[in-house]
Amino acid sequence: MMSEVLMNRIKNIFGTGLATRVETGIVQLKLATGILNDRIKRVHNYGFMSRPLPGAKGYTLFIGGDTSRGIAVCIEDERHQMELAPGDVAMLDDKGNLIHFHSGGIKVITKQTFDLTASKDVNISCKNATIDATKTTINSETEINGNTTINGNANITGICAVGGLAAIGGGAVPATGGMTMTGGDITADGISFKYHFHIETGEQTGWAQ
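First, a word on what this report is: a plain description of the structure on this page. Remember, predicted model here, so these are calculated numbers, not experimental data.

Section: the overall build of the chain
Broken down by element type, the chain carries one helix and twelve strands. Overall, the chain shows an N-to-C arrangement of helices and strands of α-β-β-β-β-β-β-β-β-β-β-β-β. The long-range fraction of contacts in the chain, counting pairs at least 24 apart against all pairs at least 6 apart in sequence, stands at 32%. Accessible area for the chain stands at about 18,300 Å²; split by element, carbon and sulfur atoms hold 54% of it.

Here it is in structure tokens:
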């Protein structure tokens, strides 16, 4: 009789079952033996946590073969998996969110909103960066250290200050308000604004200064 009890304990050390209710720290499993156990502890690897869906498969360890003291060491869900190439790593869920580490780099996919928050700086170093969006909004002071090409219209509602002002091609440049220039000159069709000849008076401006 004692040996039979011992053998049953040994057989019960490892088990499997289907999750019927899942919380972050506790899972209820319907074991392969038909027993429903709602006191199985979830264990997580440090730095990574998950909350599987009902219907996922749990692999359990029962301390001393006692099915009332169970630990779910692994829970998998074949309904939400993907085929991986050798060496690949992926994190994914049932909502279509995916982080895929593969031979070509890292792919991040989300069906909803991607939020990135940093208390300090965000530094990005890459060869080329491309943003495809319906609209891009930057709510901060912006500094561009390099040449800038705008293949479209630019609407500026505030002051635009530049070291040198030039307009090439296109039509007239409309301006509302005033324009102040210090230490420079404006030339239109070869005629200087500061140094030119008035036909109606026969007077020259600027050269006498």
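Regarding the pattern of salt bridges
The tally for this structure, following the rule as stated, stands at three salt bridges. One salt bridge in this structure joins R79 and D77, with 2.7 Å as the shortest N-O distance. Looking at D77, the relative accessible area reads 14%, which means it is buried.

Some points on the pairing of strand β8 (residues 105–109)
Sheet topology places strand β7 (residues 98–102) next to β8; five bridges connect them, and they run antiparallel. When the bridges of β8 are listed, H102 appears paired with G105. Taking the residues between adjacent antiparallel strands as the criterion, β7 and β8 are bridged by two residues.

Remarks on the pairing of strand β2 (residues 26–31)
Both strand β1 (residues 14–22) and β2 contribute to a ladder of five bridges, which runs antiparallel. Bridged to G17 within β2 is L31. The loop that links β1 with its antiparallel partner β2 comprises three residues. Between β2 and strand β3 (residues 36–42), which pair antiparallel and follow one another directly, the connecting turn spans four residues, one of which, G34, has a positive phi of 95°.

So, the nonpolar core
A19, V22, V27, L29, L31, I40, A56, F62, A72 and I75 together form the largest nonpolar core, which totals ten residues. Here the element with the most residues in this core is β2; it accounts for three residues. When residues no more than four places from it in sequence are discounted, the contact partners of I40 are G25, I26, V27, L29, L31, T60, F62, G70, I71 and A72.

Focus: a nonpolar patch on the surface
On the surface, F48, V89, M91, I99, F101, I106, V108, F114, L116, V122 and I124 cluster together into a nonpolar patch covering about 1,100 Å² of accessible area. Where the nonpolar patch is concerned, the elements lending two or more residues are β6 (89–92), β7 and β8. Here V89 is to be found in strand β6. Residue classification places V89 among the partly exposed residues on the basis of a relative accessible area of 46%.

Thoughts on the sheet that holds strand β5 (residues 70–76)
Taken in spatial order, the five strands close into a barrel running β1-β2-β3-β5-β4, and their pairing is mixed. On average, adjacent strands in this sheet sit at an angle of 55° to one another, irrespective of strand direction. Bridge count between β3 and β5: two bridges; the pairing is parallel. The residue bridging K41 from the neighbouring strand is I71, located in β5.

Focus: the sheet that holds β6
Strand order in the open sheet formed by three strands is β6-β7-β8, and the pairing between neighbours is antiparallel. A single partner strand is all that each edge strand has here, and the edge strands are β6 and β8. Direction aside, neighbouring strands of the sheet carry axes that sit 10° apart on average. Relative to β7, β6 runs antiparallel, the two being bridged by four bridges.

The rules behind each value
- Residues numbered from 1 in each chain as written.
- Predicted model: local features only at pLDDT ≥ 70, side-chain atom pairs only at ≥ 80, totals over all residues.
- Heavy atoms only, no water.
- Helix = DSSP H or I, 4+ residues; strand = E, 2+ residues; numbered from the N terminus.
- Contact = heavy atoms within 4.5 Å.
- Areas by Shrake-Rupley, 256 points an atom, 1.4 Å probe, with all protein chains shown as cover.
- Salt bridge = Lys/Arg side-chain N within 4 Å of Asp/Glu carboxyl O.
- Buried < 20%, exposed > 50% of the residue type's maximum accessible area, 1.4 Å probe, protein only.
- Pairing = 2+ DSSP bridges.
- Core = buried A, V, L, I, M, F, W, Y, C linked by side-chain atoms within 4.5 Å.
- Patch = residues over 30% accessible without salt bridge, like charges linked within 9 Å, V, L, I, M, F, W, Y side chains within 5 Å.
- Axes fitted to C-alpha atoms, helices over the stretch in contact; angles between N-to-C directions.

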